[in-house]
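# Structural description and commentary
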Number of protein chains: 2
Amino acid sequence: MNGKATTTRTRLDRGRNALGPALELVHTGRAPTRAVLTAELGVTRATAGAVAAELEALGLIRVDSNPGAAAGSQGRPSHRLAVDEKGPVALAAQVHADGFRAALVGLGGTIVATAPGCVTVSADPAQVLGAVVDAGAALLRESGRRCVGAGLAAPSAVAEPEGTALNPLHLAWPAGAPVREIFAERVRAAGIEGPAFTGNDVNLAALAEHRHGAGRGARDLLCVATGHRGVGGALVLDGRLHTGSSGLALEVGHLTVNPEGRPCHCGSRGCLDVETDPLAFLTAAGRVPGPEVSLLQQSRDLLRTSPDDPGVRVAVGELIDRLGLGLAGLVNILNPDRIILGGLHRELLDADPERLRAVVADRSLWGRSGGVPILPCTLDHNSLVGAAELAWQPVLDDPLAALGREPA
Amino acid sequence: MNGKATTTRTRLDRGRNALGPALELVHTGRAPTRAVLTAELGVTRATAGAVAAELEALGLIRVDSNPGAAAGSQGRPSHRLAVDEKGPVALAAQVHADGFRAALVGLGGTIVATAPGCVTVSADPAQVLGAVVDAGAALLRESGRRCVGAGLAAPSAVAEPEGTALNPLHLAWPAGAPVREIFAERVRAAGIEGPAFTGNDVNLAALAEHRHGAGRGARDLLCVATGHRGVGGALVLDGRLHTGSSGLALEVGHLTVNPEGRPCHCGSRGCLDVETDPLAFLTAAGRVPGPEVSLLQQSRDLLRTSPDDPGVRVAVGELIDRLGLGLAGLVNILNPDRIILGGLHRELLDADPERLRAVVADRSLWGRSGGVPILPCTLDHNSLVGAAELAWQPVLDDPLAALGREPA
DNA sequence: CTGAGTTTGTGCCGCTACTAAACAAAGTAC
DNA sequence: GTACTTTGTTTAGTAGCGGCACAAACTCAG
């Protein structure tokens, strides 16, 4: 009887490699029960059980032993899996033309708390980012919850790997501002734990829609949206954002959609940017935009108050035709299996979905690829939720390492 | 002393999961020695050794114990790894405007044997594919080597998952011909072992260039090429072809590159297809194309015989400008880290690389993404090599399962 | 209400494919 | 020739799974 036992098993002897995938399944709502989790992971019940127990021990999910309203089929009801509503949160921040917004986002993409800050956007990035981070820090203190990290959604292309904002034009920031660095520094200064990330707002909206919204289940998801000026695009491939080699992919604004259109600063004319953004809409509708509120808001107001105004109808039709041409061009290049529209483009889709779909199908090659579903985005504050996804990603990739136990 | 030994080790007790990745490293030339293989795989020397031994036992690679001209640094010289030149081959087939071609391609993308068939391309796909498969079968018999499968490069978009050719216009085939099915059936009928695959020729050329040619090491590789009529594109992301959700991605031919250009059958005008293909070149140079040989060949001949002819120079300049505009549009959408040009586009690049690079940089956003390297393709018969890659893929994914031992 | 059937959770055993570590081999550097 | 460096090999140990048997929790038929 020597002291050397054959093997003193540690508590967690399985499921280590499946921990991340399992959490992602719960996070995206694809694993409502332990039985489904078992099937989705392709492991045995024993392993899935260990995984669920470990994620519960980490405070990330809850395993509801009480079956309650299980029902449905025969057999023993499966334990329900859900995100732990008292678990950690990610700090999400967004800066846009109308101001900024901070929020706490839990697993599953649920916004736990939010604080809009409508101060005038300053020309100094450090000042604005400091304000939004401070607002987030206040939310965190109030909630008393653990923070896994912070994410920022910026209304600009973000160059990789430097993290500089290349075209923050409507923020009046200097082009090339090192937003990622500034944001990370402010996050550290505010005493917020965890890493800090920065991404383009349309990219992050696409990511959020893919995981929690209208893009669920899509393999090649294309998102196109317009907020204030210009048009943004994003592509999610196999669940991951495609940002290109230097973060500049899906700069779709300069597709030609109207050869006789108005000149664009890029040197061409009739670009998607200048033909389908809110300014183009207001102009086409014969309105003169005011300075008080964002152009998107003015466009929405106009669409809601006078949808039957002749000028508005013409403008809607024109913009739909231009947008459809641009989308068809993207369909021919990317061949997505779903398209999601945001901002004013979403309003255009709502105004006349048939017309838009017809244009896209007509101008896509062989019609086939043109039959792609075009949907409006469904999440509130999807860029904000997407920013939180950035912060959650390390936890989804490796929960043990990210949460500090057993530092990998 | 019971008969149960603690564990009777089987021959291969490690490296099972690393077998595929290891073979891919040797296949693409990224693992010249066992030491490098160890580092690239991120495993211990023991595992890498077992992997190399197993791949050698499978007849796929050779481990050169004889150091020979090792040298270089200190320490014990590493065993060199190389593809086994007597190992199995893949049957590659290509059909194009000038005829067809069959070849045997070994690991590493080396063409072992080839047989061009220059018969007139028939309007009956089954007949042409039968001829090319028969030519390949003859090569196989002569060589006496084992066959891992067959791949076909078709000059048409291939719809997924059906495998139908959507636009085999210059073959005079019916649109929608089930080429994948026909090819697979002919391969079976010829008694060739292994699965049969079919892909678009430009896609396959891109795959081949990525693994063995000018695209090595690129993460986001864009290929654009023009053969006879129209323009093809392909994208390789993280080593895998991006074909889109229904195989129709990178149909780049209808980007607008000349708003006042000639009308295109797609309904627009000035499309890349009609502005930069060999017909456009010959026309711009004031030549009337003849019917004997492919338009690409006529263009090449013209470029080589009269490069200083004023008409030719103007045509080259015009086409470069149009092509550059199209590439810039793709760069803005895809943000690749490398571009490879084939067919006539390659000739245009060779004719005036600076002009093309300048146009792309000038019309790309913020210049940054426009600084992407633009290179000519470097492989002979890259579509053919790419077709073989399709057949090799199962072996690269799981050598044991694909080669029949221990059927997974 | 009872027993059969179905589906899910859990404990135990063993295997497989790895790592770790010590050692041997084959070169270079001085 | 000796020290050092790097690579290959052998052996022992083990993490993280699968497989199986059994228990648990339901439905359903009668």
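Structure: see above.
Reference entry: report on the structure contained in this document. Residue indices begin from 1 for each chain and proceed along its sequence in written order. Just so you know, chain letters begin at A and ligand numbers begin at 1, following the order they were written in. Side-chain atom pairs in this predicted model are given and counted only at pLDDT of 80 or more, local residue features only at pLDDT of at least 70, and totals for whole chains, interfaces and linings cover all residues. To get the side-chain values, take all heavy atoms of the structure and skip hydrogens and water.

## Quick look at the side chain of Q298 of chain A
So the rule is basically this: Only DSSP runs of H or I with at least four residues qualify as helices, and only runs of E with at least two residues qualify as strands; both kinds are numbered from the N terminus onward. Any two residues having at least one pair of non-hydrogen atoms within 4.5 Å are treated as being in contact.
Note that Q298 of chain A resides in helix α9 (residues 295–305). Here Q298 of chain A is in contact with L282, P289, G290 and V293 of chain A, once residues within four sequence places are set aside.

## What to know about the protein's contact with DNA strand C
The condition is simple: The cutoff for a nearby residue is simple: one of its non-hydrogen atoms must lie within 4 Å of the molecule or strand. In protein, a polar contact means a hydrogen-donor-capable atom and an acceptor-capable atom, both N or O and within 3.5 Å, with residues adjacent in sequence counting only if both atoms are side-chain atoms; elsewhere, any N or O pair within 3.5 Å suffices. Residues are sorted three ways: Asp, Glu, Lys and Arg are charged, Ala, Val, Leu, Ile, Met, Phe, Trp, Tyr, Cys and Pro are nonpolar, and all the rest, Gly among them, are polar.
Neighbouring DNA strand C are 28 residues; R14 and R34 of chain A together with D13, G15 and R16 of chain B lie closest to it. Backbone atoms, meaning sugar and phosphate, form 61% of the atoms of DNA strand C found within 4 Å of the protein. The separation between a base nitrogen of DNA strand C and a polar side-chain atom of R14 of chain A is 2.5 Å. R14 of chain B has a polar side-chain atom sitting 2.9 Å from a base oxygen of DNA strand C. Taken together, the residues of the surface near DNA strand C break down into six nonpolar, twelve polar and ten charged.

## A word on the relation of the copies chain A and chain B
Our working rule: Least squares is the method used to superpose the copies, on C-alpha atoms of residues holding a pLDDT of at least 70 in both.
Mapping chain A onto chain B calls for a screw motion: a turn of 180° about the axis and a shift of 0.0 Å along it, with 0.1 Å RMSD after fitting. The relationship between the two copies is best expressed as a two-fold rotation axis. Relative to the rotation axis, the closest C-alpha in chain A is found at P259 of chain A, a distance of 2.7 Å. Most of the interface of chain A is mirrored in chain B: 100% of its interface residues are interface residues there too.

## Focus: the side chain of H212 of chain B
Residue and element names in this part refer to chain B. For H212, the location among the structural elements is in helix α6 (residues 201–212). Reaching out from H212, the side chain makes a polar contact with the side chain of E389 at a distance of 2.6 Å. If we ignore the near neighbours within four places in the chain, the residues touching H212 are H27, T28, G108, G109, L379, V385 and E389.

## Thoughts on the protein's contact with DNA strand D
Neighbouring DNA strand D are 28 residues; R14, G15 and R16 of chain A together with R34 and Q74 of chain B lie closest to it. Restricting the count to atoms of DNA strand D within 4 Å of the protein gives a sugar and phosphate share of 59%. Within the side chain of R76 of chain A, a nitrogen or oxygen atom sits 3.3 Å from a base nitrogen of DNA strand D. Between DNA strand D and the protein, one listed contact pairs a phosphate oxygen with a backbone N or O atom of H79 of chain B at 3.0 Å. Listed by contribution, the elements that provide at least two residues to the surface near DNA strand D are α2 (34–41) and α3 (45–57) of chain B. Its residues placed into classes, the surface near DNA strand D shows six nonpolar, twelve polar and ten charged.

## Let's talk about the sheet that holds strand β12 (residues 240–241) of chain A
All names here are of chain A. Convention followed: Following DSSP output, two strands are said to pair if at least two bridges run between them. Helix axes use the C-alpha atoms of the stretch in contact, all axes being lines fitted to C-alpha atoms, and the angles between their N-to-C directions lie in the range 0 to 180 degrees.
With mixed pairing, the five strands of this open sheet are ordered in space as β12-β11-β10-β13-β14. In this open sheet, the two edge strands, each paired with only one partner strand, are β12 and β14 (374–376). Seen against the sheet, helix α11 (residues 343–351) touches β10 (220–226), β13 (338–342) and β14 and runs at an angle of roughly 110° to β13.

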